Amino acid sequence: MKVIKFGGTSVANAENIKQVINIVNQPQYLSTIVVVSALGGVTDLLISVGTDAANAKEQYKETLLNLEKRHIETAQALLPINNQSACISSVKQNFNELEDICEGVFRLGELSSRTKDRIISFGELLSSKIIYFYIQSTGSKIDWIDSRKAIKTNSNFGFAAVNFIATTDSIKAIIAASSNTLFIAPGFIASDANGFTTTLGRGGSDYTASIYAAAVNAEAVEIWTDVTGMMTADPRWVANARTIPHTSYREAMELSHFGAKVIYPPTIQPAMDKNIPIWIKNTFLPKELGTIIEHVTTAPSADGGIITGISSINQLALLSLEGSGMIGIPGFSKRLFEALANEQVNVILITQSSSEHSICVAINTVDLDKAKAAVDKAFEIELLNKKVDPLRVEKELSIIALVGDKMKSHPGIAGRMFSALGRNGINIRAIAQGSSERNISAVVSSNDIKKAVNVLHEAFFETSYKQLNVFICGAGNVGGKLIAQIQQQQAYLLQNLNLQVRVTGIATSKKMLFADNGNEIDVSNWKDALVNAEAMSLQSFVDGIIAKNLRNSVFVDVTANADVAGVYAQLLSKSIAVVACNKIAASSVYTNYQHLKSLAKEYNVPYLFETNVGAGLPVIGTLNDLIKSGDRINKIQAVLSGTLNFVFNNYDGTKPFAQVVKQAQNEGYTEPDPRLDLGGTDVMRKIMILAREAGNKMEMEDITNNGFLPAECFDGSVADFYVAMEKHEAHFKALYNAAAAKDCKLKFVAVFESAPSGVGGTASVGLQHIPANSDFYHLYGKDNIVLFYTQRYPQQPMVVKGAGAGADVTASGVFADIMRVI
């Protein structure tokens, strides 16, 4: 014999019930006990009926009428007309009885636990009767079992404890007395020794099925629901959650206790005691295998690894009791738990410091007020004598748990768990692990729980791919190229590197756009989407990124805006990586530069700005590799302005200098204000960044700038700048002629020389005459070159050379930094 249970969406309406009966009518279920829940949502409505009646709200009558109508309509939709009368008569009889009970509650203005159980029991009584009559109408022989007569409990109404000896005897007697082999029974309900109706707790229909199975030594229990078995995580939160094909009873207990709603936790014990396998299957996908729960499973977990699933509990509070008076004094824990137990407060998690100075427990938030009052009363004397500190209460917390039998004696799981959470800025408030090593639990903020579940699922299950969520600020020339490159590479990265790069936010100076509901922006249509987006507010954009709280988030600054650079600290302190094409932050005052680097280190999050020097060239990365490997920088010589190199490579006196500069700007080589390039400011920033990355404290005023622009060029607007250059054409031609007379080329060179002690140094930038034997001489177009003279490369420097300007190469450098984040 088998026992199968249908509940939730499976019995929500007539159409779904027909699917249930299609399953029941299969040959393998000829000898079966079918357990059913109430029609979808009915239990909650019956609770509201009782509550409204007790509060003298006559609207309970309308609710009852609607419920009666719904049940009659369900019967009419299922049964042929000539088979309806007996069923509808049964429905009406039940509702007449229910109305009488509610009328009494209304008149008394009181709803006892016993009466509440009586009221809500009608949900299962009605559904089981309707389905019983429907199965009869199909020609099957079936008996209806009244679970109130079959299952015996104590009188703890609302969550009654089963008397298994009496229950087993009752069920065996009922089955033996029948000539049929197919039975149907209402779930959730039972009765005490006095015959009063009791209930087994919300979700108790699963438990009912397991109780029947244990009594008849069934070959299996099948729980049919609307999901395909137990999942590695909540599929509403984790898009890639997968079915757990096999799990043990104890793993299933842990997962169900910690929020896996597929199975009611007490269900497992009766089946486990009799070694009866439990199947969890999908009513609407009956051919799917689902999950089998067995005594011992040697089958691999969902990912072939050691973690079976990730679960969570929400709406929790943490109570922390601490004080010097607790150290070495026995009985404190006992008194704490006694105080909570006396108030029927369930303790979900416990953790205590080895010094015995503190102990904290997690409880349901709904129990918080009575729990605090009970603890304060229990430790009243110690509080007055200041032996114990006032109870510390933290709310809006959740528990996340890793579960797996194979975790036992397997090192590194906890470290991997906490490292993954830490990298994503998820603070852990408390930790607990049982000696069975089957469960590692952590208390985190409820605001972080969805992110935490996704982070851990990615860390332990998603060998298929990892996800990167990119927020781009600045969608101009370089930003637009970056988005195009991401679009071009998305399929390749997913296929070859198992990396899903999602653009989840885009902002310009005028508009900002976020992807909705955990999705990504369609990068093939981002410009059109941006047109209808909301007005840009930098702080709102930052707040939106933080509020979304997505795992592996990256903020990409592709602007030259000081305000944007000013938000890096907010983002880094929330463990959001920052990739900056914008040089302003890295070249700001040293204290700010160091502050950002410190934040990145403190929160274990990348702060990358490779494109600040040399666009897509690996200049900063190479410098960092030298330093990390123990080398020391003696000198850096560099041509760091693709703009200036382009200008002096294309200026020979035959066309005006201003015209060559304008060409460079039109081709995207210059900053929005070309004076930042031609005046040497941009090169000063770059050599300062390199000096800082080499370990030196340096400010802009420490750098000597041997500029070549006449002073008048710095006055007024950019348009005035071009007029001034035309006016001083003779000056520029003289510079060129002086170099040409020596067979030299003009290059704007940056130099940093380390002090002999290795601490500090000097830096300068300026126009130089470059002879033919120099590494800088054959530098064409927009190319940059950097020479690193180090202890290991004292004579022949390490050379980094290539295109140092242009939207495409700069965007590719930013893209490379994004890849480094993951």
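For the structure, check the block above.
Now for a description of the structure that goes with this document. (Residues numbered from 1 in each chain as written. Predicted model: local features only at pLDDT ≥ 70, side-chain atom pairs only at ≥ 80, totals over all residues. Heavy atoms only, no water.)

1. Focus on the sheet that holds strand S7 (residues 220-225)
For step 1, the next point in the chain: Taken in spatial order, the eight strands line up as S3-S4-S2-S1-S7-S9-S10-S8 in an open sheet, and their pairing is mixed. Each having just a single partner strand, strand S3 (143-144) and strand S8 (246-248) make up the two edges of the open sheet.
For step 2, the next point in the chain: Taken together, the three bridges between strand S9 (residues 278-282) and strand S10 (residues 291-294) define a ladder with antiparallel strand orientation. In the sheet register, isoleucine 280 faces S10, and the bridge partner there is threonine 291.
For step 3, the next point in the chain: Along the sheet, helix H5 (residues 113-137) makes contact with strand S2 (32-36), S3 and strand S4 (182-186), crossing S4 at roughly 160 degrees. (Pairing = 2+ DSSP bridges. Helix = DSSP H or I, 4+ residues; strand = E, 2+ residues; numbered from the N terminus. Contact = heavy atoms within 4.5 Å. Axes fitted to C-alpha atoms, helices over the stretch in contact; angles between N-to-C directions.)

2. Notes on the packing of helix H2 (residues 42-54) against helix H4 (residues 84-108)
For step 1, the next point in the chain: The contact between H2 and H4 brings their axes to 7 Å, and the two run at 35 degrees. Here the hand of the crossing between H2 and H4 comes out right-handed. Of the residues in H4, those in contact with Leu46, Val49, Gly50, Ala53 and Ala54 of H2 are Leu98, Cys102, Val105 and Phe106.
For step 2, the next point in the chain: Looking at the contact of H2 with H4 residue by residue, the class counts come to eight nonpolar, one polar and no charged. (Left-handed = near helix turned anticlockwise from the far one by under 90°. Nonpolar A, V, L, I, M, F, W, Y, C, P; charged D, E, K, R; others polar.)

3. Focus: the sheet that holds strand S24 (residues 633-639)
For step 1, the next point in the chain: The strand order S25-S27-S26-S24-S28-S29 describes an open sheet built from six strands, whose pairing is mixed. A single partner strand is all that each edge strand has here, and the edge strands are strand S25 (703-706) and strand S29 (798-803). In this sheet, neighbouring strand axes are inclined to one another by 15 degrees on average, regardless of whether the strands run parallel or antiparallel.
For step 2, the next point in the chain: Examined bridge by bridge, S24 and strand S26 (residues 745-754) share four bridges and lie antiparallel to one another. Paired with glutamine 637 across the two strands is valine 751, which belongs to S26.
For step 3, the next point in the chain: Contacts between helix H28 (residues 729-741) and the sheet are confined to S26 and strand S27 (761-770), with S26 contributing the most and set at about 80 degrees to the helix.

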